[in-house]
Amino acid sequence: MMSLRLGVSFLVLALSGGAWGFLPTGEKASSHVSITQSALLQKVKDVCQAIAQSKGGVFISTGDSAEELVQACLGPTATGEVSAAKFKSALNEINEQHSLVDRDFVGSPEYHFNSEKFAEGRSLITEGVASIKFNIRNKNYPAAREALGRVLHTLQDFYSHSNWVDLYKDKPYSNLILPDLPLLNLADINTPTCKDCVNGGFCPNPFLSKIRNEKKLTSGYIGTSSSAKPKGKCSHGGPIDLTSSVDPRGGISKDELRPDNEKLHKDAVTAATSATLQLLEDIRGAAGDEEYLRFMGVERSSVVAFVIDTTGSMSQDIIEAKRVVNEIIDSKKGTQDEPSEYILVPFNDPEFGPLIRTTDPKVMKEEIAKLTANGGGDIPEMCLSGLQMALTGAPESSNIYVFTDAVAKDNYLKDTITALIRSTKSSVNYLLTGNGAGARRRKRSVGTFDTYKDLALASGGQAIVVSKANLPQATDIIVDTSTSTLVTVLQRARNPGRAETFPFQMDDSLTNITIYITGRFLSFTLTNPVGVTQTQAEANGKLGTVQTVGNLYRIRLASSNQTGLWEISVSSNQSYTLKVTGQSTIAFIYEFVERFGGPHPGYAPIYGRPQSGVPAMLLLSVLGRKGPESVKVSNVALVTVSGSDLVGGILEDVGSGNFLVTVTMVPAGEFVVQLNGTDVVSSTLFQRQSSTQMSVSKVTIQAVVDRTMEPGKDFTLPFTVMTDATEGNYKINARNDKGFTLKAPESIMVTTGGNATGSLTITAPANTESGTDVTLTIEAVAPGSTDSNYAVLRLSVITKVTDFTPPQCEVVSVSASDCSNNTVNCSASFWQLSANLTDGVNGTGITTLKSRQGVGSLTHTDLMQLVVEANFNASCCSQTVELVVLDKALNVGTCLYSLPVQPTVPSSGSPTLALNLPLQMCLLVSALFATPFKDLI
């Protein structure tokens, strides 16, 4: 009943054949993913439209795809192309939680509003919403997205698993997201609710007349291992529900569209969609429009992230880092390549940090200007600790640049760093100036950068070794890669080196194509599709320019004659790496997934290395220049970076540019994902590769985070290690990026083909700020270090919220000129609104007051006062205003007011209208409940 033209990246539910709510059973069915996706896209569209209107612009979208929506939101703000990769990734992060809830909480009725667990289900929503808001406030967007996906799953299940729509049709139950309001008229445990369905299965009108007449709220009980349920209670229903065969037989689920429930299913979908939009509007109010878009990934994807050694010998490097930052900020201002965020992490010995994160380029300039070179003591430094801080603090898929001239003192973090690189898909690039250090440091540094080279290779980055004098030439790579549409066309590594020819396909959409080769004593020949060649000896040739600095060759191709099949032949007896990049909006994102069993088997993302000995499965989303329909995918393969193996996968097109890819024989060693297809816009072939290397493992580690942490309280997390490798004691390495107290077993005994469970305890200090995001890495290492795997988890520290009452808004008066008669010269006439706002005597207090849906000026008295007086002034060109007020608990209240279309003018003929509205109370999110939802169906 709900068809989406937009990319529904986590259509794993459609592939799985089931989910607790809204089972996708065909083209006309609705799923959690389709409901969530439609609401997310609609709300982003609403917000972008509101921002455009507030700036006096017009919002125009050329289509319904995520790519076209991002272009409409960001395109008019700056020159250049816009990538939708961040937005699509954010949608995936939210949507993938639906399958995880069904897998990890299949036996927990409160997560699905089963078994009349209404209070418990709402508590999950309340706690989840608090986590979302505080994480957004602290810019911990991935943690907020995960929480949002879980909350939406539970919220939407209410409408398909209860009798709400049987009683109230397609209207949402707002009390579920308003914890200060009671849940009314619930059927208690002793109240029978359903009549027997004689033939079993699903029957029309299964509820007892008493339940219908008294409008008692109930939901179905479900049992997959037991048929027990309270006497007289409704069942969920379906073949997997054993309780449905016990009197009263049948079920009340509206998950599926069936002949007996067509209208109820549609009402459930409509109500769930409306409720989802209500919740998103509440989150939007707490975040603010600009921050809400960043939370949704609607921002330029370029991020500048520097990790800088500040020990005594690094003065020249720091000067160069400052110059590069200033160049990027100044040269890319006003373009789509202007960074959306800046990350800075200094490190010394033994100190490292703090992490500085800002969206303001002025702040970045000020912070990097403060860096000075001093101290350091012995030669190794805390480089990996600084890098860990950057990887956990920067957005996913960031390019991180590390400046140092010394080896790492904290090499014990190497495996943790590798896990974080794979988890975040970020690239790490090293600028190593060991050759330029003093004689003492040079002796210790040269030839000992293997750890850095390994990490750079694993991430798809570069390890550039250069003298301090030549560092300014090497930093061009930072400017190259600080772009919002960076893609990788080819990536290879050879160790030991050998002569080899590497073909790669260039399409019409690619611009600013650059080839990077790192290595010593090598030669290469580049050949274009018509046979024109250029060697490393030609600095300015027919194909482009060649720059050599340290161990880096940088080839920037000329802007013409690029389309077709190119080749580069490299010859060296020493190790080297090769990478071809460019700018293009044709890209892809992917996750490795695994099938899970149970009553509703499906696919869920893997948060570690895929399991060996079984086919590898990927869920892959393709982005085109004009939406997913503008590209055709021909094949997806796993390619070994250090070898020549290329193993194609079996493609299953699941619609809207999304593919389930199954690779039956995974190549040995480290591999990347390669995509080939056709750009429909230009009818040229394209090639793309992922940057981050991956490999399979016989070890699996699993852990489920089912709640938030509280400051000052121990948080215990069970985990399970499974193995098909050698049995024995598996070493456990557990670390967190905040340095919180962590206790974990040193090892656990695991038998081959078996599993073992352990637990760890982590404690956040009592003064930890609410909304702090903790990245926890758990690694299990087989005996003799022959194999290992990891799990990277996010934990949110949230102070227990006790204030659930939103601020209240009272419109006191409105005075206006005769705005209705000034449509042509509306700017010459004005109107004013006055309002009183309060969070009450027992509230946490107002922190923010903003205007929305109106172009004018807002002034107010001190927000610390019990009653805040607000005044909004606007011209008659803008006749609507919405005041949005936020308290310290991030509860949102709004006042929406529009001038009457035909104002009543006093008989005296006075041109001014005065309205006194002392009882107009706008509580919480008053305006959002009037949102029109019918357009989504």
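The rules behind these values
- Residues numbered from 1 in each chain as written.
- Predicted model: local features only at pLDDT ≥ 70, side-chain atom pairs only at ≥ 80, totals over all residues.
- Heavy atoms only, no water.
- Salt bridge = Lys/Arg side-chain N within 4 Å of Asp/Glu carboxyl O.
- Helix = DSSP H or I, 4+ residues; strand = E, 2+ residues; numbered from the N terminus.
- Buried < 20%, exposed > 50% of the residue type's maximum accessible area, 1.4 Å probe, protein only.
- Lys, Arg positive; Asp, Glu negative; His and termini not counted.
- Contact = heavy atoms within 4.5 Å.
- Pairing = 2+ DSSP bridges.
- Core = buried A, V, L, I, M, F, W, Y, C linked by side-chain atoms within 4.5 Å.
- Axes fitted to C-alpha atoms, helices over the stretch in contact; angles between N-to-C directions.
- Parallel < 35°, antiparallel > 145°, perpendicular 65-115°, else oblique.
- Left-handed = near helix turned anticlockwise from the far one by under 90°.
- Nonpolar A, V, L, I, M, F, W, Y, C, P; charged D, E, K, R; others polar.

Caption draft 1: The arrangement of the pattern of salt bridges in detail. Taken as a whole and judged by the stated rule, the model has 48 salt bridges. Close ionic contact of Asp-267 with Lys-263 constitutes a salt bridge, the shortest N to O distance being 2.8 Å. Separated by 4 residues within a single helix, Asp-267 and Lys-263 lie in helix 9 (residues 262–287), roughly one turn from each other. A relative accessible area of 8% places Asp-267 in the buried class.

Caption draft 2: How the structure looks around the side chain of Arg-492. By secondary structure assignment, the location of Arg-492 is in strand 7 (residues 486–494). For the buried Arg-492, no salt bridge is present, and the opposite-charge side chain at shortest range is Glu-500, 6.2 Å distant. Beyond its immediate stretch of four places on either side in the chain, Arg-492 contacts Phe-502, Thr-577, Leu-578, Val-639, Thr-640, Val-641, Gly-643, Gln-674 and Gln-689.

Caption draft 3: Structural detail: the pairing of strand 30 (residues 755–763). Judged from the 9 bridges that link them, strand 26 (residues 714–723) and strand 30 form a sheet pairing that is antiparallel. Bridge assignment links Thr-716 to a residue of strand 30, and that residue is Thr-761. With 3 bridges joining them, strand 28 (residues 741–743) and strand 30 adopt antiparallel strand pairing. Within the sheet, the bridge partner assigned to Thr-741 lies in strand 30 and is Thr-763.

Caption draft 4: Structural context of the nonpolar core. Grouped together as the largest cluster of nonpolar side chains are 60 residues, with contacts concentrated most on Val-44, Phe-87, Leu-148, Tyr-159, Phe-295 and Met-296. Elements with a minimum of two residues in this core: helix 2 (32–54), helix 3 (66–74), helix 4 (85–104), helix 5 (118–137), helix 6 (141–161), helix 7 (164–168), helix 9 and helix 10 (289–295). Dropping the residues within four chain positions of it, Leu-148 is found in contact with Leu-40, Ile-94, Ile-132, Leu-279, Leu-280, Ile-283, Phe-295 and Met-296. If you look at the next biggest cluster of nonpolar residues, it comprises 54 residues, including Ile-343, Met-389, Ala-390 and Leu-420.

Caption draft 5: Quick look at the packing of helix 4 against helix 6. Axis separation between helix 4 and helix 6 bottoms out at 8 Å; the angle between their running directions is 50°. Taken as axis vectors, helix 4 and helix 6 run oblique relative to one another. Two packed elements cross with a definite hand, and for helix 4 against helix 6 that hand is right-handed. The residues of helix 6 that touch helix 4, namely those facing Ala-90, Glu-93, Ile-94, Gln-97, His-98, Val-101 and Asp-102, are Pro-142, Arg-145, Glu-146, Leu-148, Gly-149, Arg-150, Leu-152, His-153 and Gln-156. Residue composition of the contact of helix 4 with helix 6, by class: 6 nonpolar, 5 polar and 5 charged.

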